[in-house]
2 protein chains.
Amino acid sequence: MIYFVTPTHFRPAQRADLIRLSQTLAQVPNLHWILIEDSDTTSPSIGEILKRTRLQFTHINAKTTSKKKMKYSDPSWKLPRGVEQRNAALHWIRTQFSSLRRGVLYFGDDDNTYDWRLFSEMRTIKKAGIWPVGIVGGLLAEAPTLFDNGSVSHFNALWKPERPFPIDMAAFAVNISLIIDHPGVEFSYSVPRGYQESHFLQGLNLEKFDLEAKADLCTKVYVWHTRTEKSVLEKPLEEKVINFEEADFAPLEAHALGLEL
Amino acid sequence: MIYFVTPTHFRPAQRADLIRLSQTLAQVPNLHWILIEDSDTTSPSIGEILKRTRLQFTHINAKTTSKKKMKYSDPSWKLPRGVEQRNAALHWIRTQFSSLRRGVLYFGDDDNTYDWRLFSEMRTIKKAGIWPVGIVGGLLAEAPTLFDNGSVSHFNALWKPERPFPIDMAAFAVNISLIIDHPGVEFSYSVPRGYQESHFLQGLNLEKFDLEAKADLCTKVYVWHTRTEKSVLEKPLEEKVINFEEADFAPLEAHALGLEL
Ligand SMILES: O=c1ccn([C@@H]2O[C@H](COP(=O)(O)OP(=O)(O)O)[C@@H](O)[C@H]2O)c(=O)[nH]1
Ligand SMILES: O=c1ccn([C@@H]2O[C@H](COP(=O)(O)OP(=O)(O)O)[C@@H](O)[C@H]2O)c(=O)[nH]1
Ligand SMILES: [Mn+2]
Ligand SMILES: [Mn+2]
């Protein structure tokens, strides 16, 4: 079983991105989708997207502390994103699956692009798998370079290459047993920018040589760190979207935003 | 049969967008995908994406005249996009299908988001169908307002509402028979910005009252004019991407760009 963990937050394109992602995931065998909304409650409209996939799923919510929540106008790199949501998923896995110990955990953001072939690659992971990620960190693809025996030699990251694991969240998946065996490991606001992945993988006691190279020895790109362009809205509408919890929307607008079923 | 016509042009995220779209379309029954590359030749890597869908498909190319081709740094609205590619598809349909006359034609761009339910809506179109489009023209959804009898009263577009059909290319589909019966109708560089849709629909002799309201009487959003954020690349790499035909890429880069199979 693949546990696909997706933090998701409200914005105009959230519904579009989740529907597009759900239509990709719906065709993946043995996938359990853990969706964690960055909100006070779970949304019925998102629940309905999950149900329509006919996948096994878990639908929970974990709201980002207000001090750590970015504003609509903030640049996307200002604060780490998805920390509390991914931790909620880790907690869920540890309480539900402490005896199961089988399966693979992958952190799959809601606006990335996933080639179906990525999921086949994950199924053979013993400890931790690694593969290239397209369009990230200023590169067309971030990827490890391998020794002749297939183990990881170094990484091609340009940004902060001194990180223990200078890779994106979408570049790896780990066996659930590691999550159970290291019960304290989670994401954190107290690590420097770009160190979430390193902090997590080091917490699991992983070293470079533990990484299993997938995707044809890391020569294929099966996942892209795409980003959906921020919606350009007329000014009063943007104001309403920023204060969506208090705003009054026309029925079609509320439906478009996923605020109504 | 739904003829889904997609112009597509080279850019870093092209392969990601096409794979994501192909995974949505692959599950749609009775869909024939007409993909027109804005290039001198068709690309094997795109042909391979098409083949993997197991859909019926047509893979052609039609390069935008250099005078009408936008530069990498141009704002996206500067010139009309997809004109020559959509015309190539119209030509293909008219030569291949002059006797068939059955099916529906839809212009579906490569970076939009399509809910599977949109395709069921299209199948019952007699002349022309219309539905809301999410996140376009400064609105959360552009949509027609209907009279009590279900026919179109007006449109909610904010931008150039004086257009005969102030709607997006993704807002309508037409019966193939109209294309065959109006052999001269095509897209054009000589119409004002934003008038491609109006020019085309007026050419087919359609009036507002011909439009069949779909998607639960235009109360549901099943397609979004999403845009994939332009990839931020380190400067020398951006230069190479702009001159990709002459540039030398590492194998992984070439694969990520779809320049190699
Ligand atoms: O306040 C936020 C911002 C982001 N996210 C989610 O965290 C993931 C990563 O965020 P984003 O895609 O904005 O980051 P980037 O692509 O820039 O790394 C996505 O699934 C988002 O929906 C979240 O839950 N709360
Ligand atoms: O030079 C170009 C620019 C765009 N397109 C295609 O035309 C469609 C519309 O373009 P785009 O999505 O960039 O336009 P927008 O979303 O801004 O209307 C897309 O399928 C593009 O791949 C093309 O064939 N050649
Ligand atoms: Mn993202
Ligand atoms: Mn587009």
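Small disclaimer: the values here were computed from a predicted structure and weren't measured.

As a further point, take the site of ligand 2. Residue and element names in this part refer to chain B. Surveying the vicinity of ligand 2 reveals 15 residues, the closest of which are Pro-7, His-9, Asp-38, Lys-69 and Arg-81. With respect to ligand 2, the side chain of Asp-38 contributes an N or O atom lying 2.7 Å from a nitrogen atom. Residue Arg-81 places a side-chain N or O atom 2.7 Å away from an oxygen atom belonging to ligand 2. Across the complex, the protein chains shield 91% of the 520 Å² of accessible surface that ligand 2 would expose by itself. Taken together, the residues that form the shell around ligand 2 break down as one nonpolar, six polar and eight charged.

Once that is clear, we can look at the sheet that holds strand E6 (residues 128–130) of chain A. Residues and elements named next belong to chain A. As summarised here, the arrangement of the seven strands in space is E3-E2-E1-E4-E11-E6-E12, forming an open sheet in which the pairing is mixed. For this open sheet the edge positions go to strand E3 (56–61) and strand E12 (211–213), each flanked by a neighbour on one side alone. For this sheet, the mean inter-axis angle between neighbouring strands, taken without regard to orientation, is 25°. As paired strands, strand E4 (residues 104–107) and strand E11 (residues 172–175) are joined by three bridges and run antiparallel to one another. Residue pairing across strands places Val-104 opposite Asn-175, the latter belonging to E11. The sheet strands contacting helix H1 (residues 14–25) are strand E1 (2–8) and strand E2 (31–37), and the helix crosses E2 at an angle near 170°.

Okay, the interface of chain B and chain A next. Reports often express the size of an interface as the amount of accessible area lost when the parts come together. Of the residues lining the interface, 48 residues belong to chain B; the matching set on chain A comes to 48 residues. In total, chain B and chain A occlude about 4,100 Å² of area from one another, counting both sides; carbon and sulfur atoms represent 61% of this. Taken as a group, B:Arg20, B:Gln23 and B:Leu140 account for 19% of the area that chain B buries against chain A, more than any other trio of residues on that side. Counting the contacts that link chain B with chain A gives six salt bridges. Taking the shortest distance from any N to any O, the salt bridge between A:Glu229 and B:Arg227 comes out at 3.2 Å. One can count 14 residue pairs in polar contact (both at pLDDT 80 or more) joining chain B with chain A. If one sorts the elements of the side of chain B that touches chain A by residue count, helix H1 (residues 14–25) of chain B sits on top with six residues. Of the residues in the side of chain B that touches chain A, the class split is 25 nonpolar, 11 polar and 12 charged.

Residue and element names in this part refer to chain B. Across the sheet, seven strands lie side by side as E3-E2-E1-E4-E11-E6-E12; this open sheet has mixed pairing. Edge strands, defined here as strands with exactly one partner in the open sheet, are strand E3 (56–61) and strand E12 (211–213). Strand-to-strand twist in this sheet, taken as the mean axis angle between neighbours without regard to direction, amounts to 25°. Two strands pair when backbone bridges link them, and strand E2 (residues 31–37) and E3 are joined in this way by six bridges, in the parallel orientation. In the strand pairing of E3, Leu-35 is matched with His-59. In this fold H1 packs onto strand E1 (2–8) and E2, with an angle of close to 170° to the strand it touches most, E2.

Calculation rules
- All residue numbers refer to positions counted from 1 along the written sequence of the respective chain.
- Written order determines the labels here, with chains lettered from A and ligands numbered from 1.
- The model is predicted, so local features are restricted to residues of pLDDT at least 70 and side-chain atom pairs to those at 80 or more, both for listing and for counting; the totals for chains, interfaces and linings are taken over all residues.
- No hydrogens and no water enter the side-chain calculation; it runs on all heavy atoms of the structure.
- Note on terminology: near, applied to a residue and a molecule or strand, indicates that one of the residue's heavy atoms is within 4 Å of it.
- Contacts described as polar in this section are N or O atom pairs within 3.5 Å, which, within protein, must combine one atom able to donate a hydrogen with one able to accept it, while residues neighboring in sequence count only if both atoms come from side chains.
- Reported accessibility uses the Shrake-Rupley method at a 1.4 Å probe radius. Residues are deemed covered only where the shown protein chains occlude them.
- When residues are sorted by character, Ala, Val, Leu, Ile, Met, Phe, Trp, Tyr, Cys and Pro go into the nonpolar class, Asp, Glu, Lys and Arg into the charged class, and all the rest, Gly among them, into the polar class.
- Strands qualify as paired when DSSP identifies two bridges or more between them.
- Helix and strand definitions follow DSSP, with helices as H or I runs of at least four residues and strands as E runs of at least two, each counted in order from the N terminus.
- Orientation is described by axes fitted as lines to C-alpha atoms, over the contacting stretch for helices, and by angles from 0 to 180 degrees between their N-to-C directions.
- We call two residues in contact when some of their heavy atoms are within 4.5 Å.
- Note on terms: buried area is the combined drop in 1.4 Å-probe accessible area of two parts once they are placed together, counting the loss on both.
- Salt bridge, as used here: a side-chain nitrogen of Lys or Arg that lies within 4 Å of a carboxyl oxygen of Asp or Glu.

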